[in-house]
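Observations on the three-dimensional arrangement
Listed here are the chains, written in short residue letters.
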Amino acid sequence: KMRSRSENNDISVHAIAGTRVVILGLNLMQKDDESGDSSPSTTLSAMLSGLTVAEDANGADIAASESSLPEKNGQSPSHDMFVGYAIDRRDTSSGKSTSLNFDGRPIQKFHYGDYTVEPGHQYEYSVRRMIKAPSRSSYSFFSRPKYVAVGSPLVVTVTTEDPSTSKHGVYFNRGAAGSQAYAEKFGEFRKWHRVNKYGTPHWTSTINPLTIPDPAKKKEACAWLSRGLEEALLEFISQAKDSSWQLRVTAYEFTHKEVIHAFAAAVERGVDVKIIHHVKGSHRPKTRYNDVVKDKDGEVVKEWVPDKTTSDTQRAIDAVGFQSLDHARIWHHDTFIERHTSSIMHNKFIILLRDGKPVQVWTGSTNFTESAFYGQSNVGHIVRDEGIAQQYLTYWNKLALDPPGRSKRHSGSSHDEDAVPMDEINEQLQPDPAGAQPHDSITVFFSPRKTSDLLDWYADRMGDATDSVHFTAAFGVSQPLAHVLNHDGKPSPSHEVGVRRSPRIARRIKTDDKLLRYILLDSQPSEHSSEKSRASAEKKGRGNEYCDYFDFKKLKSNRIAYGAVLSGRKEGVEDVAPSSEHSEALTGLSTFVDFVHTKFMMIDVLTDNPTIITGSANFSIASTEQNDENMLVIQGDTAVADVYFTEFMRLFDHFFSRDKRNESLGKGSKSPRAWIDVVEDDSWMKPFFDPSHQLFRERVLLS
């Protein structure tokens, strides 16, 4: 089982297993009534008074004189001072046990992420309280630890998901290239650059896995970053063994050599491969030797110039060679289909067919590029369901005809007036939904659509949340979603006009004080951009309706993180290189989105009826009304929910800690508390038991 909960008189553990991550929700128990039943404590003092007497690892009471313990406020504290958790993990198949306490230090938080598990394994976690070891005890002088685990271990057992065998196979890459672990493993290949981004000179470094000269190290770095995502995609393509198989593909960015060669190898095996790819450009004045070319009548001659995505893709296609001329001709003349008439052909899915019958589909946020696998965070999602694969094939067949993206009344296009536009086709394939989807269902939505009603529907689902929202936004938060995030129970005075004008917004307002919404952004929003957008809204007479990050970040129900690496600079000292020792560095492969490229939303993910929305679309007006996109809505599948949840929390915690550390450095703090510093009294727990703090809500949610 992927979810498991256990408790004793002192503590409780709620384990949620994904594929490569296990999240442990930790809590302390108290006696709440005369019957003696235990429940999660909401009062710190009551909880502390209910803890049992400390025992050592052998179950014997620890006796210590008051003089052997540190004083607090002039008084000797109890020998049972709780300073955190001790957690051990055992792989039940191999019997290997591992302590998860770094350097023997207590874990001082109420959830813990284990990021070193493997898919399809059963793990047993043993959790105990830790106290500061008395200075006078039976421990020897040379081996005495500073902190000791006490009490009987509380054991919980979970099994991680095996994505290769289940109906849904979900694969996340590392998505945290800018981490200390990456720098420690491959920092010897770091290269420094002085850049002048946005007019501010500063030093930056990259550790590009593709430029590592040692082939073995290069392979190791790529595998560490991909974390199974690239391998899963190549394995998916390789299922097409011979001429009885077909692959139907859509590609936005198409430059990753390994993926392109996998498709080329499929062509050589006799597989029928067809790839629809993005082709856009513009007509510009033709130049020769820096002079504008004119015709005999003096008119400027214009030529079609492809955009960068199109030109990069074409170069990658042309670079492939074949031993057989016949295969080369198939590759260049029969494999690729150009998609011209949408705003952006933003899909990235693959349909696997056998004897013309669709059997599986690969979708998600992953472009076929090096940065998608080795840089920014991405997800690949396999659905092994013939009905879902057939829906994708029907959509693919329509796209292959390159119809206009939107009807003429929307786009003004003169392209094939008799062709049915994709916005009409997509709403015929799947009309806009009304209300929540049925339990245990999968619904597919394709874009472009006639209106943004589907985006409003996403906002309604977010507004219906009773426990939690988890949401990734690579390109900012659109207005319908921002309005939901900007309400903590009552509309703020500055937005009352907007609520009156939009009944949909008013219906989304919730009053549940337990609700916690996690928002993971690619980068910290710009105040300058916010001011420009707000001014534009005001010019249109909609200033009172506009809201964004700078509004909803103030609400206690919103817990926000954005992509970052640990900064080595203090505010105002931009042209100074940080120390190179273990300083975090990106791969340098991403030029636009450095950190978060996933597009998914989870509603009430830890309940028995979670909603997972995932795919290629960025929850924006453009992705709903203009681009070619696809999204899955998965209702009630707790196994899928647990995979997405655990991966979300892995990335959220990674970036949130860096945001806070950098914020502290930016304020001039000389020595902010390090992640591994231990607070040796119970003050570390206070935010977790303060109802006004986000950590209180998080503790309750995860327990």
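Structure: see above.
Here goes a summary of the coordinates provided.

1. With respect to the packing of aromatic side chains
Where two aromatic rings form a pair, the distance of their centres and the angle of their planes describe that pair. Counted according to the given criterion, the structure contains 38 aromatic pairs. The interplanar angle of 20° and the centroid separation of 6.5 Å between the aromatic rings of Tyr-171 and Trp-362 together place this pair among those described as stacked. Of the two residues, Tyr-171 sits in strand E10 (residues 168-172) while Trp-362 sits in strand E21 (residues 357-364), which places them 191 residues apart along the sequence. Residue Tyr-171 is classed as buried on the basis of its relative accessible area, which comes to 16%. Considering the side-chain rings of Phe-349 and Tyr-392, the 5.0 Å spacing of their centres and the 70° angle between planes classify their relative orientation as edge-to-face.

2. Remarks on the sheet that holds strand E20 (residues 350-354)
Taken together, the 7 strands give an open sheet; going across it, the order is E10-E22-E21-E20-E13-E14-E19, and neighbouring strands pair in mixed fashion. Where the open sheet ends on each side, the last strands, each with one partner, are E10 and strand E19 (336-339). The mean inter-strand angle of the sheet, taken between neighbouring strand axes irrespective of direction, is 15°. Relative to strand E22 (residues 379-383), E21 runs antiparallel, the two sharing 4 bridges.

3. Here's the deal with the nonpolar core
Tyr-85, Ile-87 and Tyr-125 are the most contacted members of the largest nonpolar core, which totals 80 residues. Broken down by element, this core gets its largest block of residues, 11 residues, from helix H19 (residues 638-666). Sequence-distant contacts of Tyr-125, that is, excluding residues within four places in its chain, are made with Val-22, Leu-24, Ile-87, Asp-88, Arg-89, Leu-100, Asp-114, Val-117, Leu-154, Val-155, Val-156 and Val-158. The next biggest cluster of nonpolar side chains, apart from the first, holds 49 residues, and it includes Tyr-182, Phe-189, Ile-350 and Val-359.

4. Focus on the environment of Gly-104
You can see Gly-104 is positioned in the loop between strand E6 (97-99) and strand E7 (111-114). Sequence separation between Gly-104 and Pro-145 is 41 residues, and the spatial gap between their C-alpha atoms is 7.8 Å. Discounting residues that sit within four places of it in the chain, Gly-104 has contacts with Met-130 and Tyr-147.

5. As for the sheet that holds strand E5 (residues 82-91)
The strand order across the open sheet built from 4 strands is E6-E5-E8-E9, with neighbouring strands paired in antiparallel fashion. Single-partner strands in this sheet number two, and they are E6 and strand E9 (147-159). Adjacent strand axes in the sheet meet at a mean angle of 20° when their direction is disregarded. Pairing analysis gives 3 bridges linking E5 to E6, with the strands arranged antiparallel. Looking at the pairing, Asp-88 lines up with Ser-99 of E6.

What counts, and at which threshold
- Residues numbered from 1 in each chain as written.
- Predicted model: local features only at pLDDT ≥ 70, side-chain atom pairs only at ≥ 80, totals over all residues.
- Heavy atoms only, no water.
- Phe/Tyr/Trp six-rings, centres within 6.5 Å; stacked < 30°, edge-to-face > 60°.
- Helix = DSSP H or I, 4+ residues; strand = E, 2+ residues; numbered from the N terminus.
- Buried < 20%, exposed > 50% of the residue type's maximum accessible area, 1.4 Å probe, protein only.
- Pairing = 2+ DSSP bridges.
- Axes fitted to C-alpha atoms, helices over the stretch in contact; angles between N-to-C directions.
- Core = buried A, V, L, I, M, F, W, Y, C linked by side-chain atoms within 4.5 Å.
- Contact = heavy atoms within 4.5 Å.

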